[in-house]
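# Descriptive analysis of the structure
Each chain is listed here by its residues.
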Amino acid sequence: MSTEPAAVTSTDEERLAQLGYKQELHRRLSGFSNFAVSFSIISILAGAITSYVIAMNAGGPAAITLGWLFVGIMVTLVALAMAEVCSAYPTAGALYWWAAALAKQNKAAWAWFIGWFNFLGEVAVTAAIDFGAAITTAAFLSLTFDMEVTPGKTFLIFLVIIVVHGLLNTFGVNLVRVLSDVSAWWHLVGVGIIVVLLAVIPDQHKPISEVFFEVRNTTGFGFTGATVYAVLIGLLMAQYTYTGYDASAHVAEETHDAANAAPRGIVMSVVVSVIAGFVLLFAITWSIQDYDAEAATSLGLPPAQIFIDSVGHNTGTFLLFICMVAQWFCGMASVTANSRMSYAFARDGALPGSRLWKQVNPRTGTPTNSIWLCVTISTILVLPSLWNTTAYAAATSIAVIGLYIAYVGPVFLRRRKEDFQVGPWNLGKWSAPVGWISIVWVVIICVLFVLPTAGPITAKNFNYTIVAVAIVVGGATIWWFASARKWFTGPKSNLLDAAAHGEQTMPTPND
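About the cut-offs
- Residues numbered from 1 in each chain as written.
- Predicted model: local features only at pLDDT ≥ 70, side-chain atom pairs only at ≥ 80, totals over all residues.
- Heavy atoms only, no water.
- Helix = DSSP H or I, 4+ residues; strand = E, 2+ residues; numbered from the N terminus.
- Rg over C-alpha atoms; globule rule 2.2 N^0.38 Å.
- Buried < 20%, exposed > 50% of the residue type's maximum accessible area, 1.4 Å probe, protein only.
- Areas by Shrake-Rupley, 256 points an atom, 1.4 Å probe, with all protein chains shown as cover.
- Lys, Arg positive; Asp, Glu negative; His and termini not counted.
- Charge placed at Lys NZ, Arg CZ, Asp CG, Glu CD.
- Phe/Tyr/Trp six-rings, centres within 6.5 Å; stacked < 30°, edge-to-face > 60°.
- Lys NZ or Arg CZ within 6 Å of the ring centre and 35° of its normal.
- Salt bridge = Lys/Arg side-chain N within 4 Å of Asp/Glu carboxyl O.
- Axes fitted to C-alpha atoms, helices over the stretch in contact; angles between N-to-C directions.
- Parallel < 35°, antiparallel > 145°, perpendicular 65-115°, else oblique.
- Left-handed = near helix turned anticlockwise from the far one by under 90°.
- Contact = heavy atoms within 4.5 Å.
- Nonpolar A, V, L, I, M, F, W, Y, C, P; charged D, E, K, R; others polar.
- pLDDT = per-residue confidence, 0-100.
- Core = buried A, V, L, I, M, F, W, Y, C linked by side-chain atoms within 4.5 Å.
- Expected span 1.5 Å × (residues − 1).
- Bend = angle between axes of the 7 residues up to and from the residue.
- Disulfide = S-S within 2.5 Å.

## Thoughts on the overall build of the chain
Across its full length, the chain carries 22 helices and two strands. Computed over the C-alpha atoms, the radius of gyration of the chain is 22 Å, within 12% of the 24 Å expected from 2.2 N^0.38 for a compact globule of 511 residues. Residues counted as buried form 61% of the 511 residues belonging to the chain. Total accessible area on the chain stands at roughly 19,000 Å², and carbon and sulfur atoms take up 66% of it. Of the charged side chains in the chain, 25 are positive and 28 negative, and the gap between their average positions amounts to 11 Å.

## Focus: the packing of aromatic side chains
Inspection of every chain in the model, using the stated rule, returns 37 aromatic pairs. Taking 6.4 Å as the distance between ring centres and 65° as the angle between the ring planes, the aromatic pair formed by tryptophan 186 and phenylalanine 329 counts as edge-to-face. Within this pair, whereas tryptophan 186 is found in helix H8 (residues 173–200), its partner phenylalanine 329 is found in helix H16 (residues 313–347), the two being separated by 143 residues in sequence. When its relative accessible area of 29% is taken as the criterion, tryptophan 186 is described as partly exposed. Of the residues examined, phenylalanine 329 reaches a relative accessible area of 14% and is grouped as buried. Looking at arginine 216, its charged tip hangs above the ring of tyrosine 291, at a distance of 4.0 Å from the centre.

## A few points about the pattern of salt bridges
Counted by the stated rule, this structure contains 10 salt bridges. A salt bridge links arginine 414 to glutamate 84, with the nearest nitrogen and oxygen atoms 3.0 Å apart. Of this pair, arginine 414 sits in helix H19 (residues 391–415) while glutamate 84 sits in helix H4 (residues 61–88), and the two are 330 residues apart along the sequence. The burial state of arginine 414 is the same as that of glutamate 84; both residues are buried. What emerges from the salt-bridge pattern is a single network uniting Lys206, Glu210, Glu214, Arg216 and Asp292.

## Re the packing of helix H5 (residues 94–102) against H19
Put simply, H5 and H19 touch, their axes get as near as 9 Å, and they point 20° apart. In terms of orientation, H5 lies roughly parallel with respect to H19. Where H5 crosses over H19, the handedness of that crossing is left-handed. Two secondary-structure elements touch here, H5 through Leu95, Trp98, Ala99 and Leu102 and H19 through Ala406, Tyr407, Pro410, Leu413 and Arg414. Classifying every residue of the contact of H5 with H19 gives eight nonpolar, no polar and one charged.

## Side note on the confidence of the model for the chain
Per-residue confidence for the chain averages 89 on the pLDDT scale, and 94% of its residues sit at or above 70. A low-confidence stretch, residues 1–9 stays under pLDDT 50, and its non-local contacts, those more than four residues away or across chains, total 14 contacts. This stretch, residues 498–511, has a pLDDT under 50; its non-local contacts, to residues over four places away or in other chains, come to 14 contacts.

## Focus on the side chain of serine 431
Along the chain, serine 431 falls in helix H20 (residues 431–448). The class for serine 431 is buried, based on a relative accessible area of 5%. When residues no more than four places from it in sequence are discounted, the contact partners of serine 431 are Glu84, Arg414 and Arg415.

## Re the nonpolar core
By size, the foremost hydrophobic cluster in this structure holds 168 residues, and its most contacted members are Tyr89, Trp98, Tyr245 and Tyr404. A total of 23 residues in this core trace back to one element, the largest contributor, which is helix H6 (residues 107–145).

## Some details on the environment of glycine 72
The topology assignment puts glycine 72 in helix H4. Taking the C-alpha atoms as reference points, glycine 72 and threonine 241, 169 residues apart in sequence, are found 9.8 Å from one another. Beyond its immediate chain neighbours, meaning those up to four positions away, glycine 72 contacts Tyr242 and Val274.

## Points about the packing of H16 against helix H18 (residues 368–382)
Contact geometry of H16 with H18 gives a least axis separation of 8 Å together with a crossing angle of 115°. Between H16 and H18, the interaxial angle falls into the category roughly perpendicular. Once H16 is placed against H18, the crossing between them reads as right-handed. Together, Val335, Asn338, Ser339, Arg340, Ser342 and Tyr343 of H16 and Ser370, Ile371, Cys374 and Ser378 of H18 make up the contact between the two elements.

## Details of H4
Spanning 28 residues, H4 covers 40 Å between terminal C-alpha atoms, matching the ideal 40 Å at 1.5 Å per step. Along its length, H4 reaches its greatest deviation from straightness, about 40°, at glycine 67. For H4, the tally of buried residues reaches 24 of 28 residues, placing the bulk of the element in the interior.

## As for the state of the cysteines
Working definition: the covalent bond between the sulfur atoms of two cysteines is a disulfide. With the rule as written, the count across this model stands at zero disulfides. Its sulfur unpaired, cysteine 323 is 12 Å from the next cysteine sulfur, which belongs to cysteine 330. There is no disulfide at cysteine 374, and the cysteine sulfur nearest it, in cysteine 330, is 15 Å away. For cysteine 374, a relative accessible area of 1% translates into the label buried.

## A closer look at the environment of threonine 317
Relative to the assigned elements, threonine 317 resides in helix H16. Looking at threonine 317, the relative accessible area reads 9%, which means it is buried. In this structure, the C-alpha to C-alpha distance between threonine 317 and phenylalanine 307, residues 10 residues apart in sequence, is 7.5 Å. Threonine 317 has contacts with Phe140, Leu143, Thr144 and Ile308, leaving out every residue within four places of it along the chain.

Below, the structure is given as structure tokens:
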């Protein structure tokens, strides 16, 4: 990858002005902080822990370990392709803005639909992360205070968590920066502690051959090829965990040297997660003492039971505490990215009530209203968890499908744009193969993760992913043809509005 500076350099604010925007958000994130936001949202101590049960039942150890590596390689290619586009267009609008810039025809339509897929994925991943954090917190409270875990209590814990994350983001980007930096180190050190203790303390470990090659199928499906089907469904664990790294692009307008730092943040957050996550998942799977009992634990979180069974109650609770804190960090970063995407989409008039959601708090420099919009919609998505046992798996699938369509839409358009001008960070001759492989992979997972996850299929275990996706896509389509195509022109500059009000639109030497 090339990281040579462009022939004509410009400041971050000047480049943003070239893209049509006045600097409104406070630019206070370093390259490490940019990486930390995405790494915190990927959060191997969140996604890989809370969705571990998905692969445990569908595919077993093979889907957990080898599946993680395989999906990790494919996701790295997606991240590389996205990063190249991000370097050329470092703006908070990110994916939908890229789509408008890259499309040869129907620019507004491309921006509209990519934006809505991104919005769907962002709110779904925030919902899934904080609901996963609630599951982990409930298990921790069960172990420490003997609390009975119920759907109602888990939902109440979720409400507390997501409201706290809304408040933390409301206070300003400086607090987000500090917490994101702490989060990155918490994840890395935490994984190290968990791996060492799981390697040293247990009296016995699962045979390594089983850690990599044992296949399990407790999905309830028994048709010919059901085992292979189960392994494919189990890949959702890894694919869901590898989401949210578009956050580095969404906070580009708050990052120094964004054309280099943001694409690096996208790629490095994935690469570090692949490596650290594999070590973590190997250690957990290697430490399984009673597979069936731990998969069906009353705690509602198999890794928590594995911790307890392998290293004892007190040490196991401590390991769960490490995961719980990491998941709180993860949810906070997700709300950050979610609100920035919503702010940018509203800034271009694409959300109902955009005038309200695009407002920036002049004191904190944060899009306060869009923060609470995201919190509210994510809460609505989690409501089915009160009665639907597959709600968590559905939320993860919705997040994967919404986000990954938004991820590769601009990549597809970039492949069709012969005159694309690369930014200072680019793939060179590897751009085409990386881009096309990424597109094919996303098509595969979009089909895979709307399929049934448990059988026999009933109203209670129905995978409502397709319903949620259809509602959003159908609503966006109807709105587009009925109204939006007449007035939505895609990303629009806020420089003209600023100039009309007599505001400074270009940075001065003192800015």
